[in-house]
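Commentary on secondary and tertiary structure
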Amino acid sequence: METFKKLKHYYWPYRKYLFTSLFFLLFVVAITVVYPIVLQLTIDEVVLEERYSLIPYIAAGFFLIMLVKGVSSFFHQYMGDLFGITAVYKLREALYEKLQVLSFKYYDNARTGDLMSRKTTDVEGFRNFISFGISDLIEITMLILFSLGVMFYYSMPLALVTMAAMPFLAVVVYRFDKRVHPAFRGIRKSFGRLNTRVQENISGMNTVKSLSKEDFEIDRFSDSNDNYRQHYLFTSEIWSKYFPVMEFIGNICVVLLLAFGGFLVINGGLSLGALVAFFSLVWYIMGPLMNLGFVINMFSQAKASGERLLEILEAAEDVTEKEGAVDRVVSGHVTFKDVTLTYTADDDEALKHISFDAPPGTVIGLSGPTGSGKTSITQLITRFYEPETGKVLVDGRPVDDYQLAALRKQIGFVLQESFLFSTTIGENIRYGNPDIPEEQIIDAAKRAQAHDFIMEMPKGYDTMLGERGMGLSGGQKQRIAIARAICINPSILVLDDATSAVDMETEFKIQKALKEVMKGRTTFIIAHRISSLKHADEILVLENGGIIERGKHAELIHNNGPYERIYNIQYQDREHIMETAT
Ligand SMILES: Nc1ncnc2c1ncn2[C@@H]1O[C@H](COP(=O)(O)OP(=O)(O)OP(=O)(O)O)[C@@H](O)[C@H]1O
């Protein structure tokens with residue numbers, strides 16, 4: 001119940017739909033219980049008394065009642081659905097909003113496939129219960145109470161005998177619930193894993209194919225698929241045992257009813273019509289009681305799903321905005337003061353005592369082996385992560401003084417693998433600034449050296465891109481990402497290995513594009529190639545999270561340190577290439 005309580009504010013504001021649905025349900029149930037009464041009257045008052053002239057009146061009355069039932073059923077069903085779908089609409093929105101504010105730390109451990117299954121299957125599981133489960137539960141209760149009422153009206157002893165089996169039914173239902181809930185949680189978890197497999201396989205198809213791991217992937221998928229099947233079959237087994245047991249107990253009731261009811265009719269203690277009515281009524285009790293299993297099933301699924309949804313909704317937001325955070329245009333002055341960063345508590349520090357000062361418009365080059373902490377430095381400026389100790393300042397203010405969106409929209413990123421959405425090229429370029437006029441998009445593309453190849457495409461800026469920008473070369477994607485960065489007109493620019501994945505000619509074009517974007521902005525260039533770094537105002541050479549060397553290119557190449565070594569290797573390479581070319 002705790003789960004439903006916690007999710008209450010998503011569905012309770014729409015209770016008027018639920019109550020309207022229940023109001024109509026009252027008519028539906030009341031009319032259902034009228035059937036056996038009509039049957040009893042027809043047998044006792046019309047057939048046995050031979051008053052056949054009453055038949056047209058009974059038929060007309062019955063028809064009217066059916067009409068009311070039809071209309072009531074419609075409203076009951078429609079309003080129930082309206083309740084469920086409206087509540088879930090809000091829930092989906094809340095989940096999506098939460099996913100937008102959750103920090104990188106959360107996503108480091110989250111799996112996309114699992115999140116997808118929570119956002120779809122679990123939301124649906126929850127909706128099913130609040131759309132139908134709640135009213136089914138009330139319908140069952142009302143049907144049983146109304147039927148019992150009529151039964152007691154006809155014959156108290158027979159009603160009591162018929163009810164003898166009920167405690168057994170209740171025990172079966174209770175035991176069923178205890179076993180089926182964990183089973184459903186298992187199914188949900190397993191489905192999340194299955195989704196993750198599929199999603200990772202599709203996202204990593206390049207890697208899978210290039211390493212010829214298709215068979216391995218098929219086996220891994222089979223394992224997850226089998227796990228899901230096992231979980232499902234286990235639940236199905238619990239479920240399949242339930243109905244025969246319930247039906248058996250129900251039929252015992254019927255045997256008791258026949259024996260004792262027949263005895264009463266023979267002795268004149270009960271009319272024949274009332275016994276026939278009892279037959280219908282007993283199934284009005286047994287049927288819903290058996291259905292209780294379905295409803296419990298729905299309830300268990302909804303509870304399991306609700307718990308998984310709450311795990312997202314209640315996830316801690318590591319990076320939050322503080323009260324009074326400001327929305328300021330910054331000039332791009334970035335300062336690090338003795339900054340240390342640890343990603344996970346038991347891990348080594350990813351950054352150790354980093355200090356530097358980058359006045360507006362300067363270019364900072366970040367060099368060093370992989371894993372040395374280059375990217376981490378840039379992720380602290382945007383507050384993707386928080387430093388453990390030390391200060392990160394932009395324009396002299398700690399970064400957490402700024403509103404997150406205000407800070408981030410002034411920092412442009414061009415990554416090694418920039419993400420392009422499956423929409424048009426134009427939409428991708430304007431993604432960070434949707435209101436930008438068409439001419440400025442074209443201007444940005446021109447400055448990013450992207451306009452020419454875009455115009456060669458069949459629909460120019462309206463060309464649709466496939467998922468992850470399929471259909472474009474690495475260098476083309478890169479230039480679109482640069483155009484995107486130009487459109488947000490950032491004061492701080494981060495170029496993270498922006499030219500590493502392209503050939504020399506494309507690199508030349510991208511370098512040209514980048515030079516254009518860098519004008520007047522504080523720029524951080526992360527690069528392995530010295531050629532990308534040599535014009536930087538200051539180069540920081542990192543190793544194991546610490547700065548081991550710093551200065552300008554001209555100084556560092558004579559410093560007898562790692563930078564000089566890399567320079568020599570790359571320089572010798574060039575000499576070698578030149579030599580073999582001549
Ligand atoms: N999200 C994360 N969670 C835990 N550890 C991380 C995370 N991101 C980076 N690290 C670790 O922090 C250290 C620095 O990583 P970082 O990505 O900053 O290095 P880098 O110099 O940019 O490397 P590369 O040149 O390969 O991109 C590495 O040891 C890395 O394993």
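Basis of the calculations
Residues numbered from 1 in each chain as written. Predicted model: local features only at pLDDT ≥ 70, side-chain atom pairs only at ≥ 80, totals over all residues. Heavy atoms only, no water. Helix = DSSP H or I, 4+ residues; strand = E, 2+ residues; numbered from the N terminus. Rg over C-alpha atoms; globule rule 2.2 N^0.38 Å. Buried < 20%, exposed > 50% of the residue type's maximum accessible area, 1.4 Å probe, protein only. Contact = heavy atoms within 4.5 Å. Areas by Shrake-Rupley, 256 points an atom, 1.4 Å probe, with all protein chains shown as cover. Lys, Arg positive; Asp, Glu negative; His and termini not counted. Charge placed at Lys NZ, Arg CZ, Asp CG, Glu CD. Axes fitted to C-alpha atoms, helices over the stretch in contact; angles between N-to-C directions. Parallel < 35°, antiparallel > 145°, perpendicular 65-115°, else oblique. Left-handed = near helix turned anticlockwise from the far one by under 90°. Nonpolar A, V, L, I, M, F, W, Y, C, P; charged D, E, K, R; others polar. Near = heavy atom within 4 Å. Polar contact = N/O pair within 3.5 Å; in protein donor to acceptor, adjacent residues only side chain to side chain. Pairing = 2+ DSSP bridges. Salt bridge = Lys/Arg side-chain N within 4 Å of Asp/Glu carboxyl O. Expected span 1.5 Å × (residues − 1). Bend = angle between axes of the 7 residues up to and from the residue. Patch = residues over 30% accessible without salt bridge, like charges linked within 9 Å, V, L, I, M, F, W, Y side chains within 5 Å. UniProt positions renumbered as here; feature names shortened; annotations may be inferred.

1. Re the overall build of the protein chain
Regarding its fold elements, the protein chain presents 21 helices and 10 strands. On C-alpha atoms alone, the protein chain measures out to a radius of gyration of 36 Å, which is more than a quarter above the 25 Å that the 2.2 N^0.38 rule sets for 582 residues. In terms of overall dimensions, the protein chain has C-alpha extents of about 120 × 50 × 50 Å along its principal axes. Per-residue burial over the protein chain gives 47% buried out of 582 residues. In the protein chain, of all internal contacts separated by at least 6 residues, the share reaching a separation of at least 24 is 79%. For the protein chain, the accessible area works out to roughly 30000 Å², and carbon and sulfur atoms hold 59% of it. Taken together, the 59 basic and 68 acidic charged side chains of the protein chain have centroids lying 2 Å from each other.

2. Focus on the packing of helix α8 (residues 166–203) against helix α10 (residues 214–266)
Where α8 meets α10, the axes come as close as 9 Å, and the angle between the chain directions of the two elements is 165 degrees. On the basis of the axis angle, α8 is roughly antiparallel to α10. The two elements α8 and α10 meet at a crossing, and its hand is left-handed. Across the contact of α8 with α10, the residue classes tally to 22 nonpolar, 8 polar and 6 charged.

3. Focus on the packing of helix α3 (residues 15–47) against helix α11 (residues 272–313)
The geometry of α3 relative to α11 is characterised by a closest axis approach of 7 Å and an angle of 160 degrees between their N-to-C directions. As judged from the angle between their axes, α3 and α11 are roughly antiparallel. Relative to α11, the crossing made by α3 is right-handed. Facing α3, whose interface residues are Thr-32, Val-33, Tyr-35, Pro-36, Leu-39, Gln-40, Ile-43 and Asp-44, α11 presents Leu-272, Gly-273, Ala-274, Val-276, Ala-277, Ser-280, Leu-281 and Tyr-284. Its residues assigned to classes, the contact of α3 with α11 comprises 11 nonpolar, 4 polar and 1 charged.

4. Here we look at the site of the ligand
Near the ligand, the surroundings consist of 13 residues, among which Asp-108, Gly-371, Lys-374, Thr-375 and Ser-376 are the closest. Separating an oxygen atom of the ligand from a side-chain N or O atom of Lys-374 is a distance of 2.8 Å. Protein burial of the ligand: of its 630 Å² of free accessible surface, 64% is covered by the chains. Here the element with the most residues in the shell around the ligand is helix α12 (residues 374–381); it accounts for 3 residues. Taken together, the residues of the shell around the ligand sort by class into 4 nonpolar, 7 polar and 2 charged.

5. Let's talk about the sheet that holds strand β3 (residues 363–367)
The pairing of strands in a sheet happens through backbone hydrogen bonds and is either parallel or antiparallel. Taken together, 6 strands build an open sheet; the order of strands is β6-β7-β8-β3-β9-β10 and the sheet is mixed. What marks the edges here is a single partner per strand, and that holds for β6 (411–414) and β10 (546–551). Taken over all neighbouring pairs, the strand axes of this sheet differ in orientation by 20 degrees on average, direction set aside. The sheet contact formed by strand β9 (residues 538–543) and β10 spans 5 bridges and is antiparallel. Each bridged residue has a counterpart across the sheet, and for Glu-543 the counterpart in β10 is Gly-546. In the packing of α12 onto the sheet, contacts are made with β3, β6, β7 (492–496), β8 (522–526) and β9, and the angle to β8 comes to roughly 150 degrees.

6. Focus on the sheet that holds strand β4 (residues 389–394)
Spatially, β2-β1-β4-β5 is the arrangement adopted by the 4 strands of the open sheet, whose pairing is antiparallel. Looking at strand neighbours, the two that pair on one side only are β2 (351–358) and β5 (397–398), the edges of this open sheet. Examined bridge by bridge, strand β1 (residues 334–341) and β2 share 5 bridges and lie antiparallel to one another. Across the sheet, residue Val-339 finds its bridge partner in β2, namely Ile-354. In the packing of α12 onto the sheet, the strands contacted are β1, β2 and β4, and the crossing angle to β1 comes to about 115 degrees.

7. Section: the side chain of Lys-69
In this fold, Lys-69 is placed in helix α4 (residues 55–101). One buried charge, Lys-69, has no salt-bridge partner; the nearest side chain with opposite charge is Glu-139, at 7.4 Å. Once residues within four sequence positions are removed from consideration, Lys-69 is found in contact with Val-28, Ile-31, Thr-32 and Tyr-35.

8. Section: helix α6 (residues 112–154)
For α6, spanning 43 residues, the distance from its first C-alpha to its last is 61 Å, which sits close to the expected 63 Å at 1.5 Å a residue. Within α6, the axis deviates most sharply at Phe-132, by approximately 40 degrees.

9. As for a nonpolar patch on the surface
Together, Phe-23, Leu-26, Phe-27, Val-68, Leu-145 and Phe-146 line one region of the surface with nonpolar side chains, adding up to about 530 Å² of accessible area. For the nonpolar patch, the secondary structure elements donating two or more residues are α3 and α6. Per-element accounting of the nonpolar patch gives the leading share, 3 residues, to α3. Examined against the element boundaries, Leu-145 turns out to sit in helix α6.

10. Topic: the UniProt feature "transmembrane region" (unreviewed entry) in the protein chain
Under the present numbering, the feature "transmembrane region" (unreviewed entry) in UniProt falls on residues 21–43, 55–75, 126–146, 152–176, 248–266 and 272–299. Split by type, residues 152–176 is 84% helix and 0% strand. Its first and last C-alpha atoms lie 29 Å apart.

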